[in-house]
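Coordinate inspection notes
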There are 2 protein chains.
Amino acid sequence: MCSRCVCSSQDDSFVKNPHLCDLKEDHLYHLSLNTNMDLEEMFSDVKFVCTGGTANRMRSFAEYVAQEIGHQFPTGVQMKNISAPADRYSMYKVGPVLSVSHGMGNPSMGILTNELIKLMYYAKCKDPIFFRIGTCGSIGHEGGTVIISDDCCDGFLKTSYTIPVLGKPFERRAQLDQGLIIELKDLIDKNDNFKVVSGTTMCAEDFYEGQGRLDGPFCKFSEEDKMQFLYRLSGKGIINMEMESTAFAALTKAAGIKASVVCVSLINRLKGDQVTTPKNVLDEWQKRPQVLVARYIKKNLCCSCK
Amino acid sequence: MCSRCVCSSQDDSFVKNPHLCDLKEDHLYHLSLNTNMDLEEMFSDVKFVCTGGTANRMRSFAEYVAQEIGHQFPTGVQMKNISAPADRYSMYKVGPVLSVSHGMGNPSMGILTNELIKLMYYAKCKDPIFFRIGTCGSIGHEGGTVIISDDCCDGFLKTSYTIPVLGKPFERRAQLDQGLIIELKDLIDKNDNFKVVSGTTMCAEDFYEGQGRLDGPFCKFSEEDKMQFLYRLSGKGIINMEMESTAFAALTKAAGIKASVVCVSLINRLKGDQVTTPKNVLDEWQKRPQVLVARYIKKNLCCSCK
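Reading the values: rules and limits
- Residues numbered from 1 in each chain as written.
- Chains lettered and ligands numbered in written order.
- Predicted model: local features only at pLDDT ≥ 70, side-chain atom pairs only at ≥ 80, totals over all residues.
- Heavy atoms only, no water.
- Helix = DSSP H or I, 4+ residues; strand = E, 2+ residues; numbered from the N terminus.
- Rg over C-alpha atoms; globule rule 2.2 N^0.38 Å.
- Buried < 20%, exposed > 50% of the residue type's maximum accessible area, 1.4 Å probe, protein only.
- Contact = heavy atoms within 4.5 Å.
- Areas by Shrake-Rupley, 256 points an atom, 1.4 Å probe, with all protein chains shown as cover.
- Lys, Arg positive; Asp, Glu negative; His and termini not counted.
- Charge placed at Lys NZ, Arg CZ, Asp CG, Glu CD.
- Buried area = accessible area lost by both parts, 1.4 Å probe.
- Salt bridge = Lys/Arg side-chain N within 4 Å of Asp/Glu carboxyl O.
- Least-squares fit on C-alpha atoms with pLDDT ≥ 70 in both.
- Phe/Tyr/Trp six-rings, centres within 6.5 Å; stacked < 30°, edge-to-face > 60°.
- Lys NZ or Arg CZ within 6 Å of the ring centre and 35° of its normal.
- UniProt positions renumbered as here; feature names shortened; annotations may be inferred.
- Axes fitted to C-alpha atoms, helices over the stretch in contact; angles between N-to-C directions.
- Parallel < 35°, antiparallel > 145°, perpendicular 65-115°, else oblique.
- Left-handed = near helix turned anticlockwise from the far one by under 90°.
- Nonpolar A, V, L, I, M, F, W, Y, C, P; charged D, E, K, R; others polar.
- Pairing = 2+ DSSP bridges.

1. Some words on the overall build of chain A
If you tally the helices and strands in chain A, you get seven helices and twelve strands. In terms of C-alpha radius of gyration, chain A reaches 19 Å, essentially the compact-globule figure of 19 Å for 306 residues. With respect to the three principal axes, the spread of C-alpha positions in chain A is 60 × 50 × 35 Å. Going through the 306 residues of chain A one by one, you find that 62% of them count as buried. Here the analysis covers contacts within chain A between residues at least 6 apart in sequence; of these, 76% occur between residues at least 24 apart. Of the roughly 11800 Å² of accessible surface on chain A, 48% is carried by carbon and sulfur atoms. Charged side chains in chain A number 36 positive and 36 negative. The centres of these two groups are separated by 2 Å.

In structure tokens form, the structure reads like this:
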């Protein structure tokens with residue numbers, strides 16, 4: 001066991017992989033970071049890692065958080081996309097907050113979460129908290145409703161993240177931190193102009209057939225089949241569908257990192273399939289999970305880490 | 001049956017979904033296009049749809065193709081990212097060529113391919129050909145080798161794309177056009193400074209454990225397990241691994257669209273897991289599939305569609 005590696009000697013390490021000892025250097029390829037850089041100097045103060053689908057949304061979130069926590073960049077320093085050279089994800093750092101885009105779907109989220117977990121480990125971050133700030137389709141709630149996932153399941157309704165590993169299925173329980181859900185709910189303000197609900201989230205592998213939509217290029221099921229499926233989900237406490245929660249929940253859980261998924265619904269799927277709401281309204285809705293998560297960050301910020 | 005919809009009356013339609021008849025308008029949400037626009041006017045001349053992982057690479061490819069085919073934009077018109085308002089994919093149009101980023105993983109590729117197929121249908125495109133110009137890890141070939149997929153399989157080595165639909169597995173054969181592979185191979189020039197090979201491609205759901213890498217934050221298998229798996233793949237004719245081919249192959253096949261996957265290897269996985277090659281070398285390698293596909297486009301361009 002080398003001195004650098006605590007992975008198999010300490011149960012509380014974020015990484016659980018003795019092979020990492022054998023690496024002279026580790027390239028977090030998709031983030032454009034590597035262990036030849038002083039990752040501890042660059043990232044050890046990170047307390048909150050916020051992920052979301054698109055590059056522009058996560059840039060806006062970084063700017064919003066900077067304003068909310070009163071973060072001042074040193075003179076002459078501008079906020080920049082740290083992962084730009086890799087051209088995969090966009091990552092911004094605002095004091096103790098990382099704001100990172102994750103793209104669409106579990107594989108994209110999985111690569112990011114794996115590399116962020118290694119980053120937390122190499123940077124020796126203390127008790128970081130991960131958020132996914134996303135969009136979803138809801139079952140029974142109107143567009144604009146904010147949904148906190150209290151659990152998540154895959155498209156077979158299993159509460160796990162299963163991928164082929166060496167040709168066989170490898171399953172991890174997809175579980176989110178329950179305390180964090182309570183803390184987030186405590187931050188709901190009666191003056192907020194949006195509703196916040198919680199329930200189980202179904203993580204689909206596709207936007208069209210995979211979410212029971214009738215409007216893809218192919219569809220072999222009927223409107224009745226679709227509605228039966230949506231009501232079956234609803235009967236099991238599933239209140240929304242998106243495409244990244246199980247990878248995010250399972251990998252953060254495996255790392256022992258507290259995590260939460262907070263999405264805004266763009267559509268009530270009991271009423272249709274198409275997202276037709278005007279862009280300016282969608283843009284306003286997408287800020288709602290950001291408001292809640294920024295409030296959490298502001299409340300849990302220690303005075304030294306602005 | 002409405003007059004607009006040919007989906008269930010003609011076997012050669014790209015879409016196979018009678019429900020599309022019921023839509024007054026169709027929003028290709030992730031492309032920021034909809035049927036209230038004159039999609040036929042905008043896109044009916046498209047003959048080649050080229051997809052690749054990252055936004056910058058697909059912008060570069062569009063610029064490169066413009067140069068290769070001698071495409072002139074009208075005075076005052078600049079090439080622009082057509083899908084920018086949706087902030088999901090980047091799409092550029094250069095005469096008969098669309099160049100679009102697909103992100104990482106089958107779900108992201110699946111959303112894009114579904115929407116591109118609907119776009120081809122609404123725009124009344126004639127015999128479009130789809131390419132994925134990507135990156136991969138190879139099994140037994142050095143970094144920089146160009147690999148044309150002659151077939152593709154999932155992480156369980158099944159030659160199909162299977163996703164949960166209404167709670168049950170729904171399987172589509174992932175099959176690529178065999179004639180197109182021969183045509184692409186015919187374009188190899190003896191003066192090219194790169195090798196081109198073909199074989200079966202394994203489409204993984206993850207970059208780390210899902211591709212038998214030992215360098216993720218978690219790993220429960222040994223170096224020996226990994227090598228056994230890689231040699232098992234090799235014995236079955238699998239020569240590379242990436243993360244988008246099965247969705248791409250299955251959906252284009254279902255639409256009756258000819259498609260090909262041409263990737264450059266960034267690493268020979270029999271020699272390691274980490275991508276450590278310098279960025280300028282990786283950038284040069286990533287142009288190699290573009291060279292071959294641009295050559296195909298140039299050769300198959302009719303004189304009226306530059």
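There's plenty left to go through after this.
2. Quick look at the interface of chain A and chain B
With 78 residues of chain A at the interface, the matching set in chain B holds 78 residues. Roughly 6400 Å² of surface becomes buried between chain A and chain B when both sides are summed, with 62% attributable to carbon and sulfur atoms. Among the residues of chain A in contact with chain B, Met104, Leu166 and Phe218 of chain A are the three that bury the most area, contributing 13% of the side total. Arg172 of chain A is the salt-bridge partner of Glu209 of chain B, the closest N and O atoms lying 2.8 Å from each other.

3. As for the pattern of salt bridges
All names here are of chain A. What the rule picks out here adds up to 32 salt bridges over all chains. With a shortest N-O distance of 3.2 Å, Glu142 and Lys271 are connected by a salt bridge. A residue pair is termed long-range when its members are at least 10 positions apart, and Glu142 in the loop between β6 (129-138) and β7 (146-153) and Lys271 in the loop between β12 (258-268) and α7 (279-299) qualify at 129 residues. Since its relative accessible area comes to 39%, Glu142 is described here as partly exposed. Its relative accessible area of 64% is what places Lys271 among the exposed residues.

4. Thoughts on the relation of the copies chain A and chain B
Once turned by 180 degrees and shifted 0.0 Å along the axis, chain A lies on chain B with an RMSD of 0.0 Å. Within this description, the copies of the chain are treated as partners about a two-fold rotation axis. When the interface residues of chain A are mapped onto chain B, 100% of them are again interface residues, pointing to one common binding face.

5. Considering the packing of aromatic side chains
Scanning the model with the defined rule gives ten aromatic pairs over all chains in all. Taken together, a centroid distance of 6.4 Å and an interplanar angle of 15 degrees make the contact between Phe207 of chain A and Tyr29 of chain B stacked. Linking Phe207 of chain A in the loop between β10 (196-203) and α5 (223-235) with Tyr29 of chain B in the loop between β1 (27-28) and β2 (33-34), this pair reaches from one chain into another. What makes Tyr29 of chain B buried here is its relative accessible area of 17%. Taken together through their ring pairs, the aromatic side chains of Tyr29 of chain A together with Phe207 and Tyr208 of chain B make up a single cluster. Positioned over the ring face of Phe207 of chain A is Arg213 of chain A, at 3.8 Å from the centre of the ring.

6. So, the UniProt feature "binding site: phosphate" (unreviewed entry) in chain A
According to UniProt, the feature "binding site: phosphate" (unreviewed entry) maps to Arg88, Arg132, Ile133, Gly134 and Thr135 of chain A in the numbering used here. Mapped onto the fold, Arg88 of chain A is located in the loop between α2 (55-69) and β4 (91-94). If near-sequence neighbours (up to four positions away) are discounted, Arg88 of chain A is found in contact with His30 of chain A together with Gly53, Thr54, Arg57, Met104 and Thr135 of chain B. Take Ile133 of chain A: its relative accessible area is 1%, and that puts it in the buried class. When near neighbours in sequence (up to four residues on either side) are disregarded, Ile133 of chain A contacts Cys50, Thr51, Gly52, Gly53, Arg57, Met58, Phe61, Val262, Pro289, Gln290 and Val293 of chain A.

7. Looking at the environment of Ile148 of chain A
Residue and element names in this part refer to chain A. Along the chain, Ile148 turns up in strand β7. The sequence separation of Ile148 and Leu119 amounts to 29 residues, and the corresponding C-alpha distance is 26 Å. Residues in contact with Ile148, not counting those within four places in the same chain, are Ile181, Leu184, Lys185, Val196, Val197, Ser198, Gly199, Ser260, Val261, Val262 and Leu292.

8. Section: the UniProt feature "domain: Nucleoside phosphorylase" (unreviewed entry) in chain A
Per the UniProt record, the feature "domain: Nucleoside phosphorylase" (unreviewed entry) sits at residues 47-298 of chain A. Between the C-alpha atoms that bound residues 47-298 of chain A there is a distance of 11 Å. The span itself is 33% helix and 27% strand.

9. Remarks on the packing of α2 of chain A against α7 of chain A
Residue and element names in this part refer to chain A. As a packed pair, α2 and α7 sit with axes 10 Å apart at the nearest point and diverge in direction by 40 degrees. When the interaxial angle is binned, α2 and α7 end up oblique. Considering the relative orientation of α2 and α7, their crossing is right-handed. In this structure, α2 uses Arg57, Phe61, Tyr64, Val65, Glu68 and Ile69 to contact α7, whose residues at the interface are Gln286, Gln290, Val291, Val293, Ala294, Ile297 and Lys298. In terms of residue class, the contact of α2 with α7 is made up of eight nonpolar, two polar and three charged.

10. Remarks on the side chain of Lys226 of chain B
Along the chain, Lys226 of chain B falls in helix α5 (residues 223-235). If near-sequence neighbours (up to four positions away) are discounted, Lys226 of chain B is found in contact with Leu166 of chain A together with Gly212, Leu214, Phe221, Arg269, Gly272 and Asp273 of chain B.

11. With respect to the pairing of β7 of chain A
All names here are of chain A. With seven of eight residues buried, β7 is to be regarded as a mostly interior element. Strand direction decides the pairing type here: β7 and β10, joined by seven bridges, are parallel. Bridging across to β10, Val146 finds its partner in Val196.

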